[in-house]
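Below, each chain spelled out in residue letters.
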Amino acid sequence: TLQLPRAVVITGWLPRHAYKVFKKSLDKDFPCAAIEIEKNPKGTPPVALRNSKNMEPFEAVTNIYGKPKYSELDPTGPLSIFFLVAFGLALTDAGYGLVMMVIMGLAVKYFRLKKEMKKMIRLLYYAGASTVVLGALTGGWFGITLENLPDNQIKSALLALKVIDPISEPMTLLMVTFGVGIIQLLFAWVVRGYDHARNKDYVSMIFDDIAWFVMVVLL
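Everything in this summary refers to the structure shown in the same document. As the structure is a prediction and not an experimental result, all values here were calculated from the model. (Residues numbered from 1 in each chain as written. Predicted model: local features only at pLDDT ≥ 70, side-chain atom pairs only at ≥ 80, totals over all residues. Heavy atoms only, no water.)

## A closer look at the packing of aromatic side chains
Then step 1. Applying the stated criterion across every chain, the model contains seven aromatic pairs.
Then step 2. Here the aromatic rings of Y125 and Y126 are separated by 6.3 Å at their centres, their planes lie at 65 degrees, and the arrangement is edge-to-face.
Then step 3. By relative accessible area, which is 23% here, Y126 ends up partly exposed.
Then step 4. Grouping aromatic residues by their ring pairs yields a cluster made of F58, F83, F87, Y125 and Y126. (Phe/Tyr/Trp six-rings, centres within 6.5 Å; stacked < 30°, edge-to-face > 60°. Buried < 20%, exposed > 50% of the residue type's maximum accessible area, 1.4 Å probe, protein only.)

## Some details on the packing of helix α4 (residues 94-110) against helix α5 (residues 115-137)
Then step 1. Look at α4 against α5: their axes get within 7 Å of each other, and the N-to-C directions meet at 160 degrees. As far as their axial angle goes, α5 and α4 are roughly antiparallel. In this structure, the crossing between α4 and α5 has a hand that is left-handed. Across the interface between the two elements, A94, G97, L98, M100, M101, M104, G105, A107 and V108 of α4 pack against I121, R122, L124, Y125, A127, G128, A129, T131, V132, G135 and A136 of α5.
Then step 2. Considered class by class, the residues forming the contact of α4 with α5 number 14 nonpolar, five polar and one charged. (Axes fitted to C-alpha atoms, helices over the stretch in contact; angles between N-to-C directions. Helix = DSSP H or I, 4+ residues; strand = E, 2+ residues; numbered from the N terminus. Parallel < 35°, antiparallel > 145°, perpendicular 65-115°, else oblique. Left-handed = near helix turned anticlockwise from the far one by under 90°. Contact = heavy atoms within 4.5 Å. Nonpolar A, V, L, I, M, F, W, Y, C, P; charged D, E, K, R; others polar.)

## Observations concerning α5
Then step 1. A rise of 1.5 Å per residue sets the reference length of α5, with its 23 residues, at 33 Å; its end C-alpha atoms lie 34 Å apart and thus fit the reference within 8%.
Then step 2. Residues of α5 that are buried include every one of K119, I121, R122, L123, A127, G128, S130, T131, V132, L134, G135 and A136, and no others.
Then step 3. Looking at the packing, one finds that the buried side of α5 touches α2 (59-65), α3 (76-91), α4 and α6 (153-161).
Then step 4. Following α5 by one or two positions, G139 adopts a phi angle in the positive range, close to 75 degrees. (Expected span 1.5 Å × (residues − 1).)

## Here we look at the nonpolar core
Proteins that are soluble and globular tend to have nonpolar side chains buried together.
Then step 1. Within the largest apolar cluster, seven residues are counted, these being A94, M101, V132, A136, W141, L146 and L158.
Then step 2. Mapped onto this core, the elements with two or more residues apiece are α4 and α5.
Then step 3. When sequence neighbours within four positions are dropped, the list of residues in contact with L158 reads W141 and L146.
Then step 4. Grouped together as the second largest cluster of nonpolar side chains are five residues, A60, V61, L84 and L123 included. (Core = buried A, V, L, I, M, F, W, Y, C linked by side-chain atoms within 4.5 Å.)

Any link to function would need more than the numbers given here.
Okay, structure coming up:
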């Protein structure tokens, strides 16, 4: 048996996609130093979210509410579109959205930001883009009433983009937001039903998710 004056064994979790890179780097100086062992079935693995580059910024929202368990579905992707719609409907001013996009774009380009902060800045950039779209559809431009502007091509173009007037048609906007909320609820039950099916919990999928989905649709 090889006797060493000092020996240290370190165990820990590592994402599977990073293990090969870690082992290759370690083997250069310490061959066979890294060994993969089977997971302890009683242990609780830590959670490391892994999404595409475009979805990574929305992990900031997921982390606010808490990361899912190792066995649960990552909600980052499904919640992203509804977060953007809700943010845009809350602000509904394309002018402010443009300002947000410019400021966040400059921050990413000229400041050295930590990874988590960069995610948040990119998230606000996307939120600004959503605000531009929904602000234009509701005629929101720095709080200016478009109808009071002098007649010109810019006024005509901005009015052409306007679909709903929140001042004269508040009930229309209210029904739109109500509809978005219903769609979000239905989509949430679809996602949770998929998660239950993935974990082979078919009873919860049928009597909880599908039942609620059908009842709301019928109502």
